[in-house]
Amino acid sequence: MPELDELGPVDYLCIEFPQGSLTGKAFPQLLDLVDQHIIRVLDLLFVRKNQDGSVIALDGTELEIAGLGAFHGAASGILGGDDLGDIGEILAPGAAAVIMVYENTWAAPLARTLRDNGAQLVGGGRIPVQALLAALDATEPEQSTITSGS
């Protein structure tokens, strides 16, 4: 891992897959982001919530997903046992999830310059696409119907 003062912003995602839907179809796109140096995967964890509510971490040998081998060893230690418990609270029984911690390498030069100038991040967040679409729909004026008189 690079020196901490060289890192770009670091984010995480937890993506739930209903039972049987973890196919790996999106992994080529993830590999493309890594190959283009847009992101660097720091930690990648696959979990499953059993019907009895227990949550287990899955290793690559339990998953038959093409391209998964490229992430073998992506374990920085950022994700730990507490994270399994937190994830278990939100997953549906039978679902699987992938948790990914990644660096936004595209933003590293900007972040480094800002830190060098004494700036610091004091807030952040992510707007889910569904929420953005709903907000945009709510701001559209209602269509009026024009009728012709006889």
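Coordinates for the structure precede this section.
Here we summarise the structure given alongside this text. Note that this is a predicted model, so its numbers are computed, not measured.

Calculation notes
Residues numbered from 1 in each chain as written. Predicted model: local features only at pLDDT ≥ 70, side-chain atom pairs only at ≥ 80, totals over all residues. Heavy atoms only, no water. Pairing = 2+ DSSP bridges. Helix = DSSP H or I, 4+ residues; strand = E, 2+ residues; numbered from the N terminus. Axes fitted to C-alpha atoms, helices over the stretch in contact; angles between N-to-C directions. Phe/Tyr/Trp six-rings, centres within 6.5 Å; stacked < 30°, edge-to-face > 60°. Buried < 20%, exposed > 50% of the residue type's maximum accessible area, 1.4 Å probe, protein only. Salt bridge = Lys/Arg side-chain N within 4 Å of Asp/Glu carboxyl O. Core = buried A, V, L, I, M, F, W, Y, C linked by side-chain atoms within 4.5 Å. Contact = heavy atoms within 4.5 Å.

Things to note about the sheet that holds strand S1 (residues 10–17)
The pairing of strands in a sheet comes from backbone hydrogen bonds and takes either a parallel or an antiparallel form.
So, point 1. If you trace the four strands from one edge of the open sheet to the other, you get S1-S4-S2-S3, paired in antiparallel fashion. The open sheet has two free edges, formed respectively by S1 and strand S3 (55–58), since each of these has just one partner strand. Each strand of the sheet is rotated relative to its neighbour by a mean of 25 degrees, with strand direction disregarded.
So, point 2. As defined by bridge partners, strand S2 (residues 40–49) adjoins S3 across four bridges and the pair is classed as antiparallel. Paired with Lys49 across the two strands is Val55, which belongs to S3.

Quick notes on the packing of aromatic side chains
So, point 1. Counted under the stated rule, the structure contains one aromatic pair.
So, point 2. Between Phe27 and Phe46 the ring centres are 5.9 Å apart and the planes differ by 45 degrees, which places this aromatic pair in the tilted class. A residue pair is termed long-range when its members are at least 10 positions apart, and Phe27 in helix H1 (residues 27–35) and Phe46 in strand S2 qualify at 19 residues. Across this residue pair, the class does not change: Phe27 and Phe46 are buried.

Regarding unusual backbone geometry
So, point 1. Of note, the phi angle at His37 is positive, near 60 degrees, even though the residue is not glycine.
So, point 2. Its place among the elements puts His37 in the loop between H1 and S2.
So, point 3. With relative accessibility at 60%, the residue His37 sits in the exposed group.

Here's the deal with the pattern of salt bridges
So, point 1. Taken as a whole and judged by the stated rule, the model has three salt bridges.
So, point 2. Glu6 serves as the salt-bridge partner of Arg112, at 3.0 Å between the closest nitrogen and oxygen. Of this pair, Arg112 sits in helix H3 (residues 108–116) while Glu6 sits in the segment before S1, placing them 106 residues apart in sequence.
So, point 3. The exposure class of Glu6 is partly exposed, given its relative accessible area of 35%.
So, point 4. The closest approach of N and O atoms between Asp11 and Arg126, which form a salt bridge, is 3.1 Å. Placement of the pair is Asp11 in strand S1 and Arg126 in the loop between H3 and helix H4 (129–139), with a sequence separation of 115 residues.
So, point 5. Since its relative accessible area comes to 25%, Asp11 is described here as partly exposed.
So, point 6. For Arg126, a relative accessible area of 55% puts it in the exposed group.

Describing the nonpolar core
So, point 1. With twelve residues, the main nonpolar core is built from Leu22, Phe27, Leu30, Ile39, Val41, Leu44, Phe46, Leu58, Ala96, Val98, Met100 and Tyr102.
So, point 2. Elements represented by at least two residues in this core include exactly H1, S2 and strand S4 (96–103).
So, point 3. Of all the elements, S4 adds the most residues to this core, at four residues.
So, point 4. Grouped together as the second largest cluster of nonpolar side chains are nine residues, Leu42, Ile87, Ala97 and Val101 included.

Side note on the side chain of Thr105
So, point 1. Turning to its location among the elements, Thr105 is positioned in the loop between S4 and H3.
So, point 2. Other than its neighbours up to four places away in sequence, Thr105 contacts His37, Ile38, Ile39 and Arg40.

Taken by themselves, the reported measurements are silent on function.
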